[in-house]
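Secondary and tertiary structure notes
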Amino acid sequence: MIEVEALTKRYGTFTAVDDVTFRAEPGRVTGFLGPNGAGKSTTMRILVGLATPGAGSAKVLGRRFADLPNPGLEAGVLLDASAQHAGRTGREVLTIAQRFMGLPPGRVEEMLALVGLTPTEAGRRVRHYSLGMRQRLGIAAALIGDPEVLVLDEPANGLDPAGIRWMRDLLRGHADRGGTVLLSSHLLHEIEVIADDLVVIGNGRVVAQGAKSALLQAAGSVVRTPEPERLALALHTEGIASSSTGPEALRAEAEPDVVGRIAFAAGLPVLELRPADGAGLEEMFLELTADTQRDPRDEAAA
Amino acid sequence: MTSTSSLPGTIVAGAARTAAPPVRLGSRTGTPPAAIPFARVARTELRKMFDTRSGFWLMASIALTALLATGAVIAFAPDRALTYSTFATAFGFPMAVVLPIIALLSVTGEWSQRSGLSTFTIVPHRGRVLLAKGLVSVAVGIVSMLLACVIGAAGNLVGTAIAGVDTVWDVSMGDLADIILANVLGLVLGFMLGVLLRSSAGAIVAYFVYSLVLPPLAGLLAASQGWFHDLQPWVDFNYAQSALFDGSLSTAQWEHLAVTAALWLVAPLVVGVRVVMRSEVQ
């Protein structure tokens, strides 16, 4: 269980995290989604005690992270797989974690096997590791203490498709056994396939959260008609907002049956009418990222 | 039963690839685990000083440079200079360089190599980590100095035997203790710079500026300015520390050492520790 409440963090005049509140429940994978620079990493750093909050609180298993007596046994953390001493071997990185946590030495080899690092690879120094190998090592270090809670920042970075599949199964299994998993990503599709719950963050604020199924559904309808302007006007008259999504297409903030009746009453032909599954979340996410994704033509003009 | 012993050791190698459960949740029955004992933090920090190639060779260089210095005295010193104090001076130089660097790197590595990100999530109480690093560094310093003293003593026996002169032990135990203290103070100064600057390159440069550049400048100032000549013993840590190499200290000299250490060691260390405790680990 992770509880983040009214968390705020400012750096000078810049508000990195703005009144963020969410929970990650046991038995579920919670996806923490947002564009780069949205405040995901800052929130996670505060959660594990590497940064102090300006206001609000973040708790793991009911306590501040720093108050956990031996945190590695209760919460496994992977924030940045590259943040390791380049001169240590992979096995040594795990051995240090094993020693600090007071675990039996055999745990190191078990974890190496679990994440698929061969004994030869484990004996190499981390500076020679690919990003994918570093991620595997980081996941091994997070899991070594058999923790109930996992906090992982962009763990899929650098993993190949098979590795992503492997990690997805691993985290699913952890949640199915009652564990709490919080993982961040800036890619909607990556998190869509694994998360049960979503927390979407943009510019430091939570813009949407809830069960994935609910978030992906409540998104109105998609309607295609040869006369989109007239349909938009008819919808507007009934107090329903809509927006153009193509030459003949509209997205309306109402259920398909309502949109169908209005089109029929206005005498407008309808070519297609269906619930807008997931499009709402995707559009919202695109809007969020729009600020940071500049059009190449704008760039050329600037 | 401790939490460690109840950890499941049920994983067989290779189970991984089939995505078998890595852990059995709920194997601990509600009671939170015991706190990490300080001795374990210290032991692990000691291990971290040796477990990289650079760390290992830095440690090895203690014995190697002491051997080299001793060998050089045997090879090049005139027969009448073959006394223990000559050996002690010879192995003292490399120690004064290597020990502070060992201490400062144990701290700065966490930032320069960014390993602090995992260290401080596994042990969130940064003060305990710093204290462990400090105590382990001092222990390493004392053991290194004792080792160097033994190597020097062996060199004295061998050297005088080769030269066919009497073996002279012109350094008392008290003098040796002073020399060890001087080197440990140098080591703690390196540690302090590591905590204060948290950058390997910055702390090493600062240490050499402090130990090589400042003393002649202070000497020059003392020679030309009467007011500084009188003040120097009370403000110049290098100056007060160097007295330790010249035999037993007077009460006044111990006072100078205490006052300058408070100024140059304790005060900046307190500032540095406070900053480390509060700063964000990137």
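On a predicted model such as this, the values are computed, not experimentally measured, just so you know.

A look at the domain arrangement of chain A
Annotation of chain A at the domain level lists domain 1 (2-211) and domain 2 (220-276). The C-alpha centroid of domain 2 of chain A is placed 43 Å from the C-alpha centroid of domain 1 of chain A.

Some remarks on the environment of Phe14 of chain A
Residue and element names in this part refer to chain A. Considering the arrangement of structural elements, one finds Phe14 in strand β2 (residues 14-24). According to the C-beta neighbour criterion, Phe14 is exposed, with 8 such atoms within 10 Å. The spacing of Phe14 and Gly204 is 190 residues in sequence and 9.9 Å in space, taken between C-alpha atoms.

Section: the packing of helix α8 (residues 226-235) of chain B against helix α10 (residues 251-278) of chain B
All names here are of chain B. Close contact between α8 and α10 brings their axes to 7 Å; oriented N to C, the two are set at 75°. In terms of orientation, α8 lies roughly perpendicular with respect to α10. Residues Pro233, Trp234 and Val235 of α8 touch α10, and the partners they reach there are His256, Val259, Thr260 and Leu263. Of the residues assigned to the contact of α8 with α10, the class counts are five nonpolar, two polar and no charged.

Details of the confidence of the model for chain B
All names here are of chain B. Summary statistics for chain B give a mean pLDDT of 87 and a share of 89% for residues scoring 70 or more. Taken element by element, chain B is modelled with least confidence in helix α9 (residues 237-242), mean pLDDT 88, and with most confidence in helix α1 (residues 38-50), mean pLDDT 96. Predicted confidence for residues 1-24 stays below pLDDT 50, and this span has 43 contacts to residues more than four positions away or in other chains. If you check the scores for this complex, the pTM reads 0.83 and the ipTM reads 0.84.

Some details on the interface of chain B and chain A
Many descriptions give the size of an interface as the accessible area lost when the pieces come together. Contacts between chain B and chain A engage 46 residues on the former and 49 residues on the latter. Where the side of chain B that touches chain A is concerned, the elements lending two or more residues are α1, α2 (53-76) and α4 (116-122) of chain B. No other element matches the six residues that α1 of chain B contributes to the side of chain B that touches chain A. A per-class count over the side of chain B that touches chain A returns 23 nonpolar, 14 polar and nine charged.

Calculation criteria
Every chain begins its residue count from 1, and numbering advances along the sequence as written. Lettering for chains starts from A, numbering for ligands starts from 1, and both go in the order in which the items are written. In keeping with the model being predicted, local features are shown solely for residues with a pLDDT of at least 70 and side-chain atom pairs are shown and tallied solely at 80 or more, while totals for entire chains, interfaces and linings include all residues. An automatic or database domain assignment supplies the start and end points of every domain. Each helix is a run of H or I in the DSSP string that is no shorter than four residues. Each strand is a run of E no shorter than two, and both are numbered from the N terminus. As a rule, residues whose C-beta atom has 12 or fewer other C-beta atoms within 10 Å are exposed, those with 20 or more are buried, and those in between are partly exposed; C-beta atoms are placed from the backbone. Axis lines are fitted to C-alpha atoms, over the contacting stretch for helices. Their N-to-C directions set the angle, which ranges from 0 to 180 degrees. In these notes the angle categories are as follows: under 35 degrees is roughly parallel, over 145 is roughly antiparallel, 65 to 115 is roughly perpendicular, and the rest is oblique. We call two residues in contact if the C-beta atoms placed from their backbones are at most 7 Å apart. For this classification, Asp, Glu, Lys and Arg are treated as charged, while Ala, Val, Leu, Ile, Met, Phe, Trp, Tyr, Cys and Pro are nonpolar and the rest, including Gly, are polar. Each residue carries a pLDDT value, the predictor's own confidence for that position, ranging from 0 to 100.

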